[in-house]
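Okay, here's what each chain looks like letter by letter:
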Amino acid sequence: MDKKYKNIKFSVITINYNNRKGLDSTVQSVINQTYRDFEFIVIDGDSDDGSQETLAAYHDRIDRIVSEPDEGVYDAMNKGIMLATGDYLIFMNSGDTFYDDGTLAIYDEWVDGKGDVYYGNTLGLYNSGESLNVIQPAQLTLSFWLFSSLNHQSTAIKRTLFSQYGFYDLRFKITSDWQFFMNLFFQHQCSFIYIDEFLAKYDLHGISSDSSHAVGHTRERENFIENSYPHFWHEYIALKKIRYPENKSRRLIHFEHLQQSRISYRLLKSFMDILLLFSPLKKEK
């Protein structure tokens, strides 16, 4: 892509609540970016774990710091949006980081002000040290939106879209960012431009990724599809039966989960190879 001076400013918004260690990693990732035309906003939910002391230590590197009680993740994100002055917003919540120090420079190469949303790939991180490559499709389809979403850590959203179409809906605790993307794509025909680069590393133990919230996550998504996009409901049910057949065994589900983790899958294959050494297949007569 031809490089032209576009005078695009980014707002990096970080929300945090009692995650001092993750906050420190995120702040370091943001302030170490080689591209400098951005503002940095941190919204803290009145943490009492030392997070506020961490923010005080970086006060000269952060443009806006707010620390006060909030009504949850999306309330904090909305506060950041209202404070932002950049052309595009990137939500990099505590525990998440840019992929490397040159990531904002990659955004600068791509973002020319014509697209509404720019999105890329993400590296998901487990506490065990294992990782998961999240490669997004270049073409976003109905099937993608019904069962997946974009990672906001690897997405730059035009700020004016929030003033045009509304902020994150506080009635939903887990899927409000996905709902916002759905509305941009289907209701408002906004443009989504794919950047085929890794743009962020994110914590797979966050609320939207945590398996303990899976039931609530599915319930929110299905309520939204049924009520806001009823014309997609029957297709969603049909696709769901194909993707998640009721007779799929628990063992197969576990195996598919292991395949997503490179380290676990390699260990499983090595273990199977060892078993086969002692239990060779019988030759057919």
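This text goes with the structure placed above it.
This report concerns the structure included in the present document.

1. What about the overall build of the protein?
Now for step 1: Across its full length, the protein carries 11 helices and 9 strands.
Now for step 2: Taken across its 285 residues, the protein has 43% of its residues classed as buried.
Now for step 3: As displayed, the protein has an accessible area near 15,800 Å², and 51% of this comes from carbon and sulfur atoms.

2. Brief notes about the packing of aromatic side chains
Now for step 1: On inspection of all chains with the given rule, the structure shows 26 aromatic pairs.
Now for step 2: An aromatic cluster is built from Phe144, Trp145, Trp178, Phe181, Phe185, Phe186, Phe192, Phe224, Tyr229 and Phe232, whose rings are joined through pairwise contacts.
Now for step 3: For Lys201, the ring lying beneath its charged end belongs to Tyr99, and the centroid distance is 5.4 Å.
Now for step 4: Over the ring of Trp178 we find Arg221; its NZ or CZ atom is 4.0 Å from the centre of that ring.

3. Describing the pairing of strand S4 (residues 88–91)
Now for step 1: Here S4 shows two buried faces, one formed by Tyr88 and Ile90 and the other by Leu89 and Phe91.
Now for step 2: Sheet analysis places strand S1 (residues 10–16) next to S4, joined by 4 bridges and oriented parallel. Residue Phe10 lies in a different strand from S4, and its bridge partner there is Tyr88.
Now for step 3: With 2 bridges connecting them, S4 and strand S8 (residues 155–158) associate as antiparallel partners. Looking across to S8, one finds that Tyr88 is bridged to Lys158.

4. Focus: the pairing of strand S9 (residues 192–203)
Now for step 1: Examined bridge by bridge, strand S5 (residues 97–98) and S9 share 2 bridges and lie antiparallel to one another. Paired with Thr97 across the strands is Lys201, a residue of S9.
Now for step 2: The pairing of strand S6 (residues 117–125) with S9 spans 8 bridges and is parallel. In the sheet register, Leu123 faces S9, and the bridge partner there is Lys201.

5. Description of the pattern of salt bridges
Now for step 1: Per the stated rule, a full pass over the model turns up 5 salt bridges.
Now for step 2: The partner of Lys9 in a salt bridge is Glu39, with the nearest N and O atoms 3.9 Å apart. Of this pair, Lys9 sits in the segment before S1 while Glu39 is found in strand S2 (residues 38–44), placing the two residues 30 residues apart along the sequence.

6. Quick look at the environment of Asn93
Now for step 1: Within the secondary structure, Asn93 sits in the loop between S4 and S5.
Now for step 2: Along the sequence, Asn93 and Ile15 sit 78 residues apart, while their C-alpha atoms lie 5.0 Å from each other.
Now for step 3: Those residues in contact with Asn93 that lie beyond four places of it in its chain are Ile13, Thr14, Ile15, Thr26, Met77 and His152.
Now for step 4: Side-chain polar atoms of Asn93 contact the backbone nitrogen of Ile15, separated by 3.5 Å.

Reading the values: the criteria
Residues numbered from 1 in each chain as written. Predicted model: local features only at pLDDT ≥ 70, side-chain atom pairs only at ≥ 80, totals over all residues. Heavy atoms only, no water. Helix = DSSP H or I, 4+ residues; strand = E, 2+ residues; numbered from the N terminus. Buried < 20%, exposed > 50% of the residue type's maximum accessible area, 1.4 Å probe, protein only. Areas by Shrake-Rupley, 256 points an atom, 1.4 Å probe, with all protein chains shown as cover. Phe/Tyr/Trp six-rings, centres within 6.5 Å; stacked < 30°, edge-to-face > 60°. Lys NZ or Arg CZ within 6 Å of the ring centre and 35° of its normal. Pairing = 2+ DSSP bridges. Salt bridge = Lys/Arg side-chain N within 4 Å of Asp/Glu carboxyl O. Contact = heavy atoms within 4.5 Å. Polar contact = N/O pair within 3.5 Å; in protein donor to acceptor, adjacent residues only side chain to side chain.

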